[in-house]
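Overview (structure and organization)
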Amino acid sequence: MSPRELVILGTASQVPTRTRNHNGYFLSWDGEGILFDPGDGTQRQMAHAGVAASDITRICLTHFHGDHCLGLPGVVQRLSLDRAPHPVNAHFPATGTAYFERLRHASAFHDVADIRPEPIDGDATIAERRQWTLEAKRLDHGIDCFGYRLVERDGRRMLPELLGARGVHGPAVGVLQREGAVTVDGDTISLADVSEVRRGQRFAFVMDTRLCAGVRELADGADLLVIESTYLDVDAGLAEAHGHLTAGQAARVAAECGVRTLVLTHFSQRYDDPALFAREAGSFFDGEVVVAEDLTRIPVPARRP
Ligand SMILES: [Zn+2]
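In this report, the structure presented in the accompanying data block is examined.

The rules behind these values
- Residues numbered from 1 in each chain as written.
- Predicted model: local features only at pLDDT ≥ 70, side-chain atom pairs only at ≥ 80, totals over all residues.
- Heavy atoms only, no water.
- Salt bridge = Lys/Arg side-chain N within 4 Å of Asp/Glu carboxyl O.
- Helix = DSSP H or I, 4+ residues; strand = E, 2+ residues; numbered from the N terminus.
- Buried < 20%, exposed > 50% of the residue type's maximum accessible area, 1.4 Å probe, protein only.
- Pairing = 2+ DSSP bridges.
- Axes fitted to C-alpha atoms, helices over the stretch in contact; angles between N-to-C directions.
- Contact = heavy atoms within 4.5 Å.
- 1 Å grid on protein atoms, 1.4 Å probe; cavity = no way out; pocket = protein on both sides within 12 Å on 5 of 7 lines; lining within 4 Å.
- Points joined across faces, edges and corners; volume = space filled by probe spheres on them.
- Nonpolar A, V, L, I, M, F, W, Y, C, P; charged D, E, K, R; others polar.

1. A short note on the pattern of salt bridges
Throughout the structure, instances matching the rule amount to 24 salt bridges. Close ionic contact of R78 with D82 constitutes a salt bridge, the shortest N to O distance being 3.1 Å. Here E135 and R149 are joined by a salt bridge, their closest N and O atoms 2.9 Å apart. Taken together, the positions of E135 in strand β8 (residues 132-138) and R149 in strand β9 (residues 146-152) put the pair 14 residues apart, joining distant regions of the chain. Across the pair, exposure class does not vary: E135 and R149 are buried alike.

See below:
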């Protein structure tokens, strides 16, 4: 598995179809494995996609409608069966804690997995590592719903020409990187003199919601944005009434927010031609548009130059 990629496990909203499983998405990011919104059938889809239960280090649920959580019992029992050797943090809206507990303990099994519930009750940074943060932001869907984004911290890219010009070679480069400055022949060189900012990458996950501030905050500058587009613009009234987005709305947000790769998913079973979603999105957004299909893999795009 490539170090940073998204595995699409399912792409149907409410009702699975012959070609689309209920939702399910697995993000692999430098050894972290985040399972988002495991709908019904996720365990089987993982087998088809080659994702092992022990690859999961974290589970993020946006909300407790069935297409986003009915697969949780199978996944947690499989984590136990496979003796996953690490803790698995589970993030979900705090008001759905009763649902979480029911799904977590849905039937009899030998329960040995170390699953750590972490309910969310407002916009927050929910996990931090040296290289990245994971944030949750409130969406607008009738019942409590949170989207997520993973933000890699900015780093610095060394510029070999400038290093050479200032006479920084060999071990001095390491000293400069560790300490932020180095002295060569009486000349003090700082990191900023010989490097530039290397912008961190961003992944965003936006499920069931109307347009709201949270959608834009999550999408802001995303290299890869996974976003629901249950409807097409022709059914914008239905989208508003049921707390969903259209492909056109998702694409306009992506264009406004500087997204690079736009992944549309969570399609209503009322449409049978996926090309309609690509066409509608493409008329508002110049970047890459992917109409998600089950069991496909989408790499996080290469770093911006
Ligand atoms: Zn849904």
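On we go.
2. Quick word on the sheet that holds strand β17 (residues 288-291)
The strand order across the open sheet formed by seven strands is β7-β8-β9-β14-β15-β16-β17, and the pairing between neighbours is mixed. A strand with exactly one partner marks an edge of an open sheet, and here the two such strands are β7 (124-128) and β17. When the angles between neighbouring strand axes are averaged without regard to direction, this sheet yields 15°. In terms of strand pairing, β8 meets β9 through seven bridges, oriented antiparallel. Paired with T133 across the two strands is V151, which belongs to β9. In the packing of helix α10 (residues 275-282) onto the sheet, contacts are made with β16 (261-265) and β17, and the angle to β17 comes to roughly 155°.

3. Let's talk about the layout of surface pockets
Counted as a void, the largest pocket has a volume near 290 Å³. Along its surface, the largest pocket is lined by 15 residues, and S13, Q14, T230, Y231 and H244 are the ones closest to its centre. Residues that form the lining of the largest pocket fall into these classes: one nonpolar, 11 polar and three charged. Taken as a whole, the second largest pocket encloses approximately 240 Å³ of empty space. Lining of the second largest pocket is provided by 14 residues; of these, T17, T19, R20, Y271 and D272 occupy positions nearest its centre. Residues that form the lining of the second largest pocket fall into these classes: six nonpolar, four polar and four charged.

Read these as spatial facts, not as claims about activity.
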